Amino acid sequence: MLGELLAAWIGRQRWFGGKGRPIDELSIDSDVELTSGLRHLIVAVWQEGSRDRYQILLGERDSLPDRLSHSLIGTIGDVYLYDAVHDADRTSWLLDGMAHDETRSGLRMRHVPGVTIDTTPRSLVLGAEQSNTSLVFGDAYICKLFRRLIPGVNPELEIVTALAARNAPHIAQPYGWIETDLDGTDTTLAIMQEFLSTANDGWDLALASVRDLYASLPELPASEAGGDFAAESLRLGAATARVHQELAQAFPTDVIEVHEVKRMAEGFRRRLGRAVAEVPELRAYVSAIEAAYHEVELLTNEVPVQRVHGDYHLGQVMRTPTDWVVLDFEGEPGQPLAERRAMSSPLRDVAGMLRSFDYAARHLLADQSQAADLEPRAQEWADRNRTAFLDGYVEGGGVITRADAALLRAFELSKAVYEVVYEARNRPSWMAIPLAAFRPRGI
Ligand SMILES: Nc1ncnc2c1ncn2[C@@H]1O[C@H](COP(=O)(O)OP(=O)(O)O)[C@@H](O)[C@H]1O
Ligand SMILES: O=P(O)(O)O[C@H]1O[C@H](CO)[C@@H](O[C@H]2O[C@H](CO)[C@@H](O)[C@H](O)[C@H]2O)[C@H](O)[C@H]1O
């Protein structure tokens, strides 16, 4: 009965990864009572022969207040069953659980040693609910509940706890987590971190600057427009370099020997092959992209590798009143955990952020009738901020040599290839943004 209710409900949830395919079966793999009226479920959803697992906080009440009516899953007898992430009366138990290191039938709630968790703030679900659900507790904590579960320790938890233990700057302090065994592996179910209540998202700040530039009349150069962003890009570059240094000290590092560098080009090519098979629009650019990847094969220097962010863009950084903070060290969503934790060149993150400046510059052109006139200004904004970011990165101690140009270019193109697939799947009207990266001028 409960399985049927959940099967009818789960397909409509924003975070459900199997949209568009029928659900053949839903089974309940685990059902743990956390406290009275709050259960933690892990369900397995079968679709066309493949299985995905999701976690659900299931609330139970004899009557459902209006404020929770949107979260109703169904009723069994006289009991209302609902998505309890929306119920602050129930989610407060998560704070208690982490504060007191509670364990319930293999579900382990833990706090970071040395921190004290205030159990009084009440939660709200963050508006931008995407593939995960984030609960913001007062202005103190943000607790991200992973919806689709992948066995293993989440790289975000692994990295922020390691960096926090070193007192590294530019991260949001971790406070606690929830974990369980899945397929015999320690698996992160949720992470709770410091909520940066007075910070702004890098993407929003960058867009405000681009808008300002487009609105400036008479046409001012990007350097003179009111909302120039270059000083921020410079600071962000320096912060990025610092984070890379901290990662290199907290985790093992290695080098890819010259004779192994060819393998990197093979990796770029494999991703391109898969992407072209999925998005035919990429076909026209394959030879240009291949030519850039060939340059990597000609490299005569070894490539230092280490843990990196892996999916670095302006939406992953926040500007507090004093500094930039880097979020979400999870690698690219959808990639296998081993790949997301693998060592890579820090240039991969640098390339990710350079792509993001192109995104910010081009994004506002999409619904502009004078897009063609504004393109040069978009190019100017992107160039200015890309340069500032690279300058900041080097000033901050990051290493980019002349010999790195080919690798940086290949990482940028490879990121754009990933983005084309991401946009084709999620926001088809945005696909023109990454496709522009393959044209000679890049924008
Ligand atoms: N520590 C934090 N403080 C304030 N806001 C945050 C924090 N972490 C995330 N956010 C907000 O939530 C958004 C999504 O967070 P993120 O961790 O990137 O989730 P997702 O993996 O779903 O993209 C961010 O863009 C930011 O606006
Ligand atoms: O933040 P996530 O880890 O979920 O990353 C995914 O979604 C991002 C979009 O939100 C996507 O980023 C792309 O779009 C951004 C603008 O929305 C842009 O700043 C990035 O440069 C661009 O890559 C990211 O690729 C994807 O993994």
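All figures in this text were calculated on a predicted structure; none of them were measured in a lab.

Novice: Would you take a moment to explain the site of ligand 2 for this structure?
Specialist: Around ligand 2 there are 13 residues in total, and D311, S356, Y418, E419 and Y422 lie nearest to it. H313 is positioned with one of its side-chain polar atoms (N or O) 3.3 Å from an oxygen atom of ligand 2. At 2.9 Å from an oxygen atom of ligand 2 is found a side-chain nitrogen or oxygen belonging to Y422. Within the complex, the protein chains bury 88% of what would otherwise be the 540 Å² of accessible surface of ligand 2. Sorting the residues of the shell around ligand 2 by element identifies α9 (347–363) and α11 (405–426) as the ones contributing at least two each. When its residues are assigned to classes, the shell around ligand 2 shows 6 nonpolar, 3 polar and 4 charged.

Novice: Whenever I open this one, the site of ligand 1 confuses me. Can you help?
Specialist: As a structural note, the neighbourhood of ligand 1 is formed by 15 residues, with K144, E194, L196, D201 and D328 the closest of them. One of the backbone nitrogen or oxygen atoms of L196 is found 2.8 Å away from a nitrogen atom of ligand 1. Separating an oxygen atom of ligand 1 from a side-chain N or O atom of D328 is a distance of 3.0 Å. Relative to its free-state accessible area of 550 Å², ligand 1 is covered by the protein chains to the extent of 81%. Split into classes, the residues belonging to the shell around ligand 1 amount to 7 nonpolar, 3 polar and 5 charged. A domain split of the shell around ligand 1 shows at least three residues from each of domain 2 (92–194) and domain 3 (200–438).

Novice: How should I be thinking about helix α3 (residues 155–165) in this particular structure?
Specialist: Because an α-helix packs 3.6 residues into every turn, residues spaced three or four apart end up facing the same way. Within α3, 8 of the 11 residues are buried, leaving the element largely enclosed by the surrounding structure. Of all the residues in α3, the buried ones are P155, E156, L157, E158, I159, V160, L163 and A164. On the buried face of α3, the contacting elements are β12 (174–182), β13 (185–194), α5 (230–250) and α8 (337–341). Of the residues flanking the end of α3, it is N167, one or two places downstream, whose phi is positive at about 55 degrees.

Novice: Mind showing me how you'd approach the UniProt feature "domain: Maltokinase N-terminal cap" (unreviewed entry) in the protein here?
Specialist: The sites that UniProt annotates as "domain: Maltokinase N-terminal cap" (unreviewed entry) are residues 9–87. Annotation note: span residues 9–87, helix share 3%, strand share 54%, distance between end C-alpha atoms 18 Å.

Novice: Could you clarify how one ought to interpret unusual backbone geometry in this entry?
Specialist: Among all residues except glycine, the phi angle is most often negative; among peptide bonds, the trans geometry is most common. In this structure, E48 takes a positive phi of about 45 degrees despite not being glycine. Owing to a relative accessible area of 54%, E48 belongs among the exposed residues under this scheme. Non-glycine residue H170 carries a positive phi angle of around 70 degrees. Summarising the element assignment, H170 is placed in the loop between α3 and β12.

Novice: Explanation requested: the pairing of β13 in the structure shown.
Specialist: The two faces of a sheet get side chains in turn, since along a regular strand they alternate between them. For β13, the tally of buried residues reaches 7 of 10 residues, placing the bulk of the element in the interior. In this structure, β12 lies alongside β13, joined through 8 bridges in antiparallel fashion. Looking across to β13, one finds that L182 is bridged to T185.

Novice: What exactly am I supposed to notice about the environment of E194 here?
Specialist: On the secondary structure map, E194 appears in strand β13. For E194, a relative accessible area of 25% gives the class partly exposed. It is 4.8 Å that separates the C-alpha atoms of E194 and Y141, two residues lying 53 residues apart in sequence. For E194, the residues in contact, after removing those within four places along its chain, are A140, I142, I171, A172, Q173 and Y175.

Novice: I keep staring at the environment of P151 and nothing clicks. Help me out?
Specialist: On the secondary structure map, P151 appears in the loop between β11 (148–149) and α3. Along the primary structure P151 and A222 are separated by 71 residues, whereas in three dimensions their C-alpha atoms are 47 Å apart. In this view, P151 contacts R53, L182, D183, T185, T187 and L337; residues no more than four positions away in its chain are not counted.

What counts and how
Residues numbered from 1 in each chain as written. Chains lettered and ligands numbered in written order. Predicted model: local features only at pLDDT ≥ 70, side-chain atom pairs only at ≥ 80, totals over all residues. Heavy atoms only, no water. Near = heavy atom within 4 Å. Polar contact = N/O pair within 3.5 Å; in protein donor to acceptor, adjacent residues only side chain to side chain. Areas by Shrake-Rupley, 256 points an atom, 1.4 Å probe, with all protein chains shown as cover. Helix = DSSP H or I, 4+ residues; strand = E, 2+ residues; numbered from the N terminus. Nonpolar A, V, L, I, M, F, W, Y, C, P; charged D, E, K, R; others polar. Domains from an automatic or database assignment. Buried < 20%, exposed > 50% of the residue type's maximum accessible area, 1.4 Å probe, protein only. Contact = heavy atoms within 4.5 Å. UniProt positions renumbered as here; feature names shortened; annotations may be inferred. Pairing = 2+ DSSP bridges.

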